[in-house]
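Results of the structural survey
The primary structure of each chain is shown beneath.
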Amino acid sequence: MRKKYTKTISCLLAALLLTGCQATPSSVKNKAKDYTNSKDVAVDKEEFVSVDHLLDNMDSLLKASYQNMILADTIRIEQPQSVSVLQLENPKNLATPENVKKLSKVVLGTNKYDHLIKNYKNEKWAVGDTYGFNYDSRTDSSGDIDNAGFYVMNTKLYLLGAYGIQNIYHPDWGIPLGDCTLNGKKCSLTKQYQYVENWAKKNGNVIEKMYDDFHVKTIYKCKSDGIEYLSFDVCKYYKGIPFDDIDFDTDDDKITQNGIDRFSIRNILELTTLGQNKIISLRNNNNSFVIRSEKDYSNKLIGLKQALRLVETEMSGVHKNQIVDIDIKYIIYCTSKNTDDSDTKGQIVESYEARPVWSFIMDNKEHQTKNVQWSRKFINVDMVTGDVEYHE
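It should be emphasised that the depicted structure is a prediction, and the values quoted were computed from it without experimental measurement.

1. Comments concerning helix H4 (residues 97–108)
Counted at 1.5 Å a residue, the expected span for H4 with its 12 residues is 16 Å, and the 16 Å between its end C-alpha atoms agrees. What H4 keeps buried is the set Asn 99, Val 100, Leu 103, Ser 104, Val 107 and Leu 108. Down the axis of H4, the smallest arc covering the buried residues is 140°, so these residues share one side. Where the residues of H4 are buried, they touch strand E6 (131–133), strand E7 (142–145), strand E8 (151–154), helix H5 (189–203) and strand E18 (281–284). Directly after H4, the chain includes Gly 109, whose backbone phi takes a positive value near 75°.

As structure tokens, then:
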């Protein structure tokens, strides 16, 4: 898992100022003439719009020239139905034998393992009640669901998620997917994309009920234990907005505010195939969620025009940023703290908040390797507050 750091761009500018006493090479001086400093980019006061006007003048805005960023032709922005701030919690009673049976039926196409289901709660690795069968078996199909809502179901091939990545495809960019070769056989990526997309729309809510749509975001050609396969990142949608698909929830990403630690959490489905119309495995993120409360902000939001202004201002510097994608998405923040309650002193209390953001994404090629998922730098603009964060 790659490391990512969160910081405001002003910190970067401050670092540059600290080095100002050093002599600047003439080549750098000449190159810098082509760019502007943040103070040179004019930004109006916060302008808010309703959800129906988020994408006003989108075509002209995406084709316009900007001082310190270049917008790629791959950008496709989806219009949401509404935009809210969501308070989330882990669902109660998700880890049950009945839900394991449902997953087995839709993923493996059989219930022949139902008699093997048991509760692994006494195992050291278990998170509370954890129902499943053939845990971590490499000789037969296996699956389980734990108390926090993590679930997995896979065949005996044990091909889970994107590992040994050989190539990456972006169906959401509108670029033809074409074909690839898997285990010596030609495979139509377009047909596989359509199959997984339809499968997810039909079965994505088999045990999680809060999502209204599912779309394949990224496809990886992978190789593990000598087997080539495809891994699909499938985004979960709520009222037209996907949850974040980027994995950047390491300890290094901790943000501390008022003594409370905040972490961002990926929220997707991962499915794999062998290039045929059959699901080999299904895995979600480490948690499942239900909505505890929702506050609608659809009448007062940062629109695309203002988001572009904010990003251009914050990202001003000595190079242009290549923006390959702009997404409207929900970022889930997990907050944890020690409670002072005498009955639960020292216990970690967690809560989850999903905030809507404009996410400006850069293809981070200098950090891309075959052992990590699509490596991205990105700039997030909170659609409610206008706060800007840079993630690397």
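2. Quick word on the environment of Lys 221
Relative to the helices and strands, Lys 221 resides in strand E12 (residues 213–224). Through-space distance from the C-alpha of Lys 221 to that of Thr 272 is 9.8 Å; in sequence the pair is 51 residues apart. In contact with Lys 221, not counting residues within four places along its chain, are Gly 164, Ile 165, Gln 166, Asn 167, Tyr 169, Thr 181, Leu 182, Glu 228, Tyr 229 and Leu 230. Polar side-chain contacts of Lys 221 include one of 2.8 Å to the backbone oxygen of Thr 181.

3. Points about the state of the cysteines
Summed over the entire model, instances satisfying the criterion amount to 0 disulfides. Cys 180 takes part in no disulfide bond, and the closest cysteine sulfur, belonging to Cys 187, lies 4.3 Å away.

Definitions and cut-offs
- Residues numbered from 1 in each chain as written.
- Predicted model: local features only at pLDDT ≥ 70, side-chain atom pairs only at ≥ 80, totals over all residues.
- Heavy atoms only, no water.
- Helix = DSSP H or I, 4+ residues; strand = E, 2+ residues; numbered from the N terminus.
- Expected span 1.5 Å × (residues − 1).
- Buried < 20%, exposed > 50% of the residue type's maximum accessible area, 1.4 Å probe, protein only.
- Arc of directions from axis to C-beta.
- Contact = heavy atoms within 4.5 Å.
- Polar contact = N/O pair within 3.5 Å; in protein donor to acceptor, adjacent residues only side chain to side chain.
- Disulfide = S-S within 2.5 Å.

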